[in-house]
Each structure stands twice: as structure tokens, then as C-alpha cells.
Amino acid sequence: MSVVKVSYGQTVKITDVIGIEGNTGYSFGSHCHYCCRPNFTVGNALNISSISGIPNELGIYDDGYRSGTTASPDAKADIKGLQIILNNAGAGLEVDGIVGEKTLAAVKKYSIELNDRGNLIKWVQERLTQLGFDAGYADGFAEKPTMDAIYSWQKANGLGVGNLYGSDWDVLLA
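Residues numbered from 1 in each chain as written. Predicted model: local features only at pLDDT ≥ 70, side-chain atom pairs only at ≥ 80, totals over all residues. Heavy atoms only, no water.

Draft legend 1. Geometry of the overall build of the protein chain. Counting its secondary structure elements, the protein chain contains 6 helices and 2 strands. Along its sequence from the N terminus, the protein chain presents helices and strands in the succession β-β-α-α-α-α-α-α. Out of the 174 residues in the protein chain, the part that is buried amounts to 32%. Considering only residue pairs separated by 6 or more positions, the protein chain has 40% of its internal contacts joining residues 24 or more positions apart. Total accessible area computed for the protein chain in this model is approximately 10,500 Å², and 53% of it derives from carbon and sulfur atoms. (Helix = DSSP H or I, 4+ residues; strand = E, 2+ residues; numbered from the N terminus. Buried < 20%, exposed > 50% of the residue type's maximum accessible area, 1.4 Å probe, protein only. Contact = heavy atoms within 4.5 Å. Areas by Shrake-Rupley, 256 points an atom, 1.4 Å probe, with all protein chains shown as cover.)

If you want it as C-alpha cells, here you go:
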């Protein structure tokens, strides 16, 4: 990983950022590999795909943002805030804290560009900061610190670097 966000023995929950993926060791692209080894014994690894919520060979993905049943109150409130912002612009969404197709379609109508202003910008600033990318003071103004955080986040996620738009929203809300 390029950045480790947790320490040994720390308890984490499914929506916590544990690190920023990177391209270290013998690898051919940015990725994150992890496993649990009881008693630190090689060969005694647990298959944690089914309980971690990360995408796996079965296509299972549940990070608490896209599931109505497992989302933490903070995660649901975060998405509800986004839905309220979108509704104030006429989206007509159910404010349920779940990132569904309608929420994604509504937010994909927007891009974040240098010097943009508004509540959506403030929401993005807060979200990026939660993810470990310093967007500066969450004031709703897309100035250089905000755009630098967007570029860093895009690069860390293997996305094209530039304005935030389109499928970037899928990754930001995942």
C-alpha cells in the first residue's frame, strides 16, 4: 500500500479506510492484497472475502453505503445528506441513505470543476477528507486544495485525473 491508515491491533469497521492502495513489491498495477493469519502462521490464512465486504470472486460487495441493512448510522447520514442536496436541485429522491440507481443517476448529472461552488462541493470535500484526501476547509468552494484532493483521490483509484464527473461518482460512493 502507498499509505497505511491503521495501526497494529486497531479495531476497524467495514466502512473504515485502512489504507491507500499502491503498486509495491512484485506487482503490475495499483491494488490492495490482505489476509488474516491466525497466530501469524503462514499457510494458516483465513478466507476473509465472505466477511470483509470487498469485491470478490462471487461479486459480493457490501461496504455499508449501498446496503440498507448494514449501513452504519454515520454512513447513512452521509448519503442522506447527499440525497437532500440532490433533492434541493430537483432530483426527487427518497432520502433513505442508500446509494441506489436513482441516487447514482442523479449525482452523475454533476461535475466538480475548479471554482465551482455549492453544497455538493462541500459534501465532496467532506467525503474526500473522510477517505484520507485533504480537501482543505469544507467551505463549498472548489479551489486548489479541493481539486488537488480530487486529483490525488482519482490517481489513487486508477481513474483519469481531472474534473470529478461520470463514473468517478460510482467510485466515490462505493
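Draft legend 2. Up close: helix H5 (residues 144-156). Its 13 residues give H5 an end-to-end C-alpha distance of 18 Å, which sits within 8% of 18 Å, the value for a rise of 1.5 Å per residue. Those residues of H5 lying buried are Thr146, Met147, Ala149, Ile150, Trp153, Gln154 and Ala156. On its buried face, H5 sits against strand S2 (19-20), helix H4 (119-130) and helix H6 (168-172). Positioned one or two residues after H5, Gly158 has a phi angle of 70 degrees, which is positive. (Expected span 1.5 Å × (residues − 1).)

Draft legend 3. Broad picture of H4. A rise of 1.5 Å per residue sets the reference length of H4, with its 12 residues, at 16 Å; its end C-alpha atoms lie 17 Å apart and thus fit the reference within 8%. By the burial criterion, the buried members of H4 are Leu120, Ile121, Trp123, Val124, Gln125, Arg127 and Leu128. Two residues or fewer past H4, Gly132 is found with a positive phi of approximately 100 degrees.

Draft legend 4. Broad picture of the side chain of Thr146. Tracing the sequence through the fold places Thr146 in helix H5. Classification of Thr146 as buried rests on a relative accessible area of 2%. Side chain to side chain, Thr146 and Gln125 meet in a polar contact 2.8 Å long. Not counting residues up to four positions away in its chain, the partners in contact with Thr146 are Gln125, Ala135 and Phe141. (Polar contact = N/O pair within 3.5 Å; in protein donor to acceptor, adjacent residues only side chain to side chain.)

Draft legend 5. View of the environment of Ala142. By the element assignment, Ala142 lies in the loop between H4 and H5. Ala142 gets classed as buried once you look at its relative accessible area, which sits at 0%. In the structure, Ala142 is positioned 25 residues away from Arg117 in sequence and 6.2 Å away in space, judged by C-alpha atoms. Those residues in contact with Ala142 that sit more than four places away from it in its chain are Ile112, Glu113, Leu114, Asn115, Asp116, Ile121 and Met147.

Draft legend 6. How the structure looks around the nonpolar core. Core analysis: the largest hydrophobic core is formed by 29 residues, its most contacted members being Ile112, Leu128 and Leu172. When contributions to this core are tallied by element, the ones reaching two or more residues are helix H2 (73-88), helix H3 (101-107), H4, H5 and H6. If we skip the residues at most four places from it in the chain, Leu172 touches Trp123, Val124, Arg127, Leu128, Leu131, Trp153 and Leu164. (Core = buried A, V, L, I, M, F, W, Y, C linked by side-chain atoms within 4.5 Å.)

Draft legend 7. Representation of unusual backbone geometry within the structure. Positive phi values are uncommon outside glycine, yet Asn115 reaches one of about 75 degrees. Within the secondary structure, Asn115 sits in the loop between H3 and H4.

Draft legend 8. Quick peek at the pattern of salt bridges. Per the counting criterion, the structure on display carries 2 salt bridges. Between Lys108 and Asp170 there is a salt bridge whose closest N-O contact spans 2.8 Å. You can see Lys108 sitting in the loop between H3 and H4 and its partner Asp170 sitting in helix H6, a full 62 residues away along the chain. The class for Asp170 is partly exposed, based on a relative accessible area of 22%. The shortest N-O distance in the salt bridge between Asp148 and Lys144 comes to 2.7 Å. A residue pair is termed a helical-turn pair when its members lie 3 or 4 positions apart in one helix, as Asp148 and Lys144 do in helix H5 at 4 residues. (Salt bridge = Lys/Arg side-chain N within 4 Å of Asp/Glu carboxyl O.)

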